[in-house]
Amino acid sequence: MSLYKYVYWFKRTKPSSYKPVILITGCSSGIGFELAKTFSNIPNYRTVITARAPSVEKLHSLFPSADNIRVWELDITSEISRNQLVEKIRKEWEGVDILINNAGISYRSVIEHMTDKDELAQMTTNYLGPMALIRNVLPNMRRKGRGKIINVSSVSGMLAMPTMSSYSASKAALEGASEALWYEMRPFGIDVSLIQPGFIHSDSFKNVRYTERGEKSENNEDEYSAFYRNMKPFVSRLMGMSRTPASKIAELILLVVQTERPPLWVPAGFGAEFFYYLRRLMPRRLLHPVLYRCLPGVEHWGEGFSKKRSR
Ligand SMILES: NC(=O)c1ccc[n+]([C@@H]2O[C@H](COP(=O)([O-])OP(=O)(O)OC[C@H]3O[C@@H](n4cnc5c(N)ncnc54)[C@H](OP(=O)(O)O)[C@@H]3O)[C@@H](O)[C@H]2O)c1
């Protein structure tokens, strides 16, 4: 994170007379919760903290209604929920100035074990929903000639790992669309940024989704069992070893919000910067064979289930 500050020249926004309206998605836990804490403590912003129905009550008690705080319901996958929320904000505070698309889910499954329904759930939450919300808030920002779209992506959007195909695809889609949007919004004075965290020191792995076939495979003995049994503790270990808590990502996002013309790509945390430069500097022919060898127990994956790998 520190390197980021040196690489980019941050220009803080001068204090202005208006209080920007910030909409944050997925505030019930992790980065979203830290964002809610950060922004609700700054009276210069009017913050809309959102979560799905079961978490709204808990958030109401943690963030009691004040002049600059609203806690409202949003399911990013529901068109009705998105439209109702944006309309409510328009009536109350004349629309959204800064959108932070943070809500996300993560499937942990090999491609063969994903169903169409699983793929759609992953893409709707991490890509289709956020894009629809962006379309909802852009007209207001365009008219005003200012605004910020901040999409929380992931290092997985630039570098995929086994058992994380669908998650990587959803973040890669978010990255591609955000890059195009950066150009499209430049003439209207709207900034677009992608926050790219690596592994975060958090309990978020508890929210990971497994498919029916994936769970069976992990508990039995089949062609993919070793993939799950090795990747699951490996990813948990990487998250446990990470020195970047969710609060650091929230601080970085605050910096992006406070910056005039922030950059499009914002790697967040040491892991993110490491993979960012690895991907760019290592010769392509070497990158994947080297990373493959780093996977835990990979020499035994699929053993006994293919002519290629007999026991
Ligand atoms: N943790 C990491 O290591 C890591 C690394 C890179 C990127 N990221 C990205 O950072 C963002 C936040 O992740 P996190 O680590 O803070 O995970 P988290 O603790 O699991 O938080 C995810 C949030 O998204 C919400 N959410 C899920 N589905 C939703 C829906 N349909 N509508 C509205 N909200 C929904 C969850 O709410 P519910 O309680 O209602 O489910 C939760 O508040 C995600 O986009 C994730 O992909 C995380």
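Please read all numbers here as calculations on a predicted model, not as lab measurements.

Regarding the overall build of the chain
And step 1. Counting its secondary structure elements, the chain contains 11 helices and seven strands.
And step 2. Here the chain has a C-alpha radius of gyration of 20 Å; the compact-globule value for 311 residues is 19 Å, and the two agree.
And step 3. For the chain, the C-alpha atoms occupy an extent of roughly 70 × 40 × 30 Å along the three principal directions.
And step 4. Sequence separation of 24 or more characterises 72% of the internal contacts of the chain that already satisfy a separation of 6 or more.

Structural notes on the sheet that holds strand 7 (residues 265-268)
And step 1. The strand order across the open sheet built from seven strands is 3-2-1-4-5-6-7, with neighbouring strands paired in parallel fashion. Two strands bound the open sheet, and with one partner strand each, they are strand 3 (69-73) and strand 7. Averaged over all pairs of adjacent strands, the angle between strand axes in this sheet comes to 15°, irrespective of strand direction.
And step 2. For strand 4 (residues 98-101) and strand 5 (residues 147-152), the ladder comprises four bridges, and the chain directions are parallel. The partner of N101 across the bridge, within strand 5, is N151.
And step 3. Along the sheet, helix 2 (residues 30-40) contacts strand 1 (21-24), strand 2 (46-51), strand 3, strand 4 and strand 5; its crossing angle with strand 1, the most-contacted strand, is approximately 160°.
And step 4. Strands in contact with helix 6 (residues 165-185) are strand 5 and strand 6 (190-197); relative to strand 6, the strand with the most contacts, it is inclined by about 155°.

Describing the pairing of strand 2
And step 1. Counting buried positions over the six residues of strand 2 gives six, a clear majority of the element.
And step 2. The alternating pattern of strand 2 places R46, V48 and T50 and T47, I49 and A51 on opposite faces, both of which are buried.
And step 3. As paired elements, strand 1 and strand 2 share four bridges and run parallel to each other. Bridge assignment links I22 to a residue of strand 2, and that residue is T47.
And step 4. Each parallel crossover has a hand, and the one from strand 1 via helix 2 to strand 2 is right-handed.
And step 5. For strand 2 and strand 3, the ladder comprises five bridges, and the chain directions are parallel. Each bridged residue has a counterpart across the sheet, and for V48 the counterpart in strand 3 is R70.

Structural notes on unusual backbone geometry
And step 1. Located in the positive-phi region is E94, a residue other than glycine, with phi close to 60°.
And step 2. Looking at where E94 falls in the secondary structure, it is placed in the loop between helix 4 (79-93) and strand 4.

A closer look at the nonpolar core
And step 1. I24 and I253 are the most contacted members of the largest nonpolar core, which totals 50 residues.
And step 2. Per-element tally for this core: the top contributor is helix 9 (residues 246-258), with seven residues.
And step 3. Ranked by size, the runner-up nonpolar core spans six residues in total, among them Y224, A226, Y228 and M231.

Remarks on the packing of helix 5 (residues 116-144) against helix 6
And step 1. At a minimum axis distance of 9 Å, the contact between helix 5 and helix 6 shows a crossing angle of 20°. On the basis of their axis angle, the class for helix 5 and helix 6 is roughly parallel. Like other packed secondary-structure pairs, helix 5 and helix 6 cross with a definite hand, here right-handed. The segment helix 5 lies against helix 6, with D118, E119, Q122, M123, N126, Y127, P130 and M131 engaging S166, Y167, S170, K171, A173, L174 and A177.

Digging into the site of the ligand
And step 1. Near the ligand there are 31 residues, and of these G26, G30, A103, G104 and S154 occur at the shortest range.
And step 2. Element by element, the count of residues in the shell around the ligand is highest for helix 2, at three residues.
And step 3. The residue makeup of the shell around the ligand, split by class, is 13 nonpolar, 16 polar and two charged.

Here we look at the environment of H288
And step 1. Residue placement: H288 occurs in helix 11 (residues 284-294).
And step 2. Remark: the alpha-carbon pair of H288 and E223, spanning 65 residues in sequence, is separated by 22 Å.

With respect to helix 4
And step 1. The first and last C-alpha atoms of helix 4 sit 21 Å apart over 15 residues, in line with the 21 Å expected at 1.5 Å per residue.
And step 2. Turning to helix 4, the residues buried within the fold contact strand 1, strand 2, strand 3 and helix 5.
And step 3. One or two residues past the end of helix 4 sits E94, with phi positive at roughly 60°.

A few points about the packing of helix 2 against helix 9
And step 1. Look at helix 2 against helix 9: their axes get within 8 Å of each other, and the N-to-C directions meet at 55°. The orientation of helix 2 with respect to helix 9, classified from their angle, is oblique. For the crossing formed where helix 2 meets helix 9, the hand is right-handed. Contacts between helix 2 and helix 9 involve G30, I31, E34, L35 and T38 on the former and, on the latter, A246, S247, I249, A250, I253 and L254.

Points about the environment of G104
And step 1. If you trace the backbone, G104 turns up in the loop between strand 4 and helix 5.
And step 2. With 27 C-beta atoms packed within 10 Å, G104 lands in the buried category.
And step 3. Residues G104 and V152, 48 residues apart in the sequence, show an inter-C-alpha distance of 8.7 Å.
And step 4. Residues within four places of G104 in sequence aside, it is in contact with G26, T125, N126 and V152.

What counts, and where the lines are drawn
- Residues numbered from 1 in each chain as written.
- Predicted model: local features only at pLDDT ≥ 70, side-chain atom pairs only at ≥ 80, totals over all residues.
- Helix = DSSP H or I, 4+ residues; strand = E, 2+ residues; numbered from the N terminus.
- Rg over C-alpha atoms; globule rule 2.2 N^0.38 Å.
- Contact = placed C-beta atoms within 7 Å.
- Pairing = 2+ DSSP bridges.
- Axes fitted to C-alpha atoms, helices over the stretch in contact; angles between N-to-C directions.
- Buried ≥ 20, exposed ≤ 12 C-beta atoms within 10 Å, placed from the backbone.
- Right-handed = clockwise from strand over helix to strand, strands pointing away.
- Core = buried A, V, L, I, M, F, W, Y, C linked by C-beta atoms within 7 Å.
- Parallel < 35°, antiparallel > 145°, perpendicular 65-115°, else oblique.
- Left-handed = near helix turned anticlockwise from the far one by under 90°.
- Near = placed C-beta within 6 Å.
- Nonpolar A, V, L, I, M, F, W, Y, C, P; charged D, E, K, R; others polar.
- Expected span 1.5 Å × (residues − 1).

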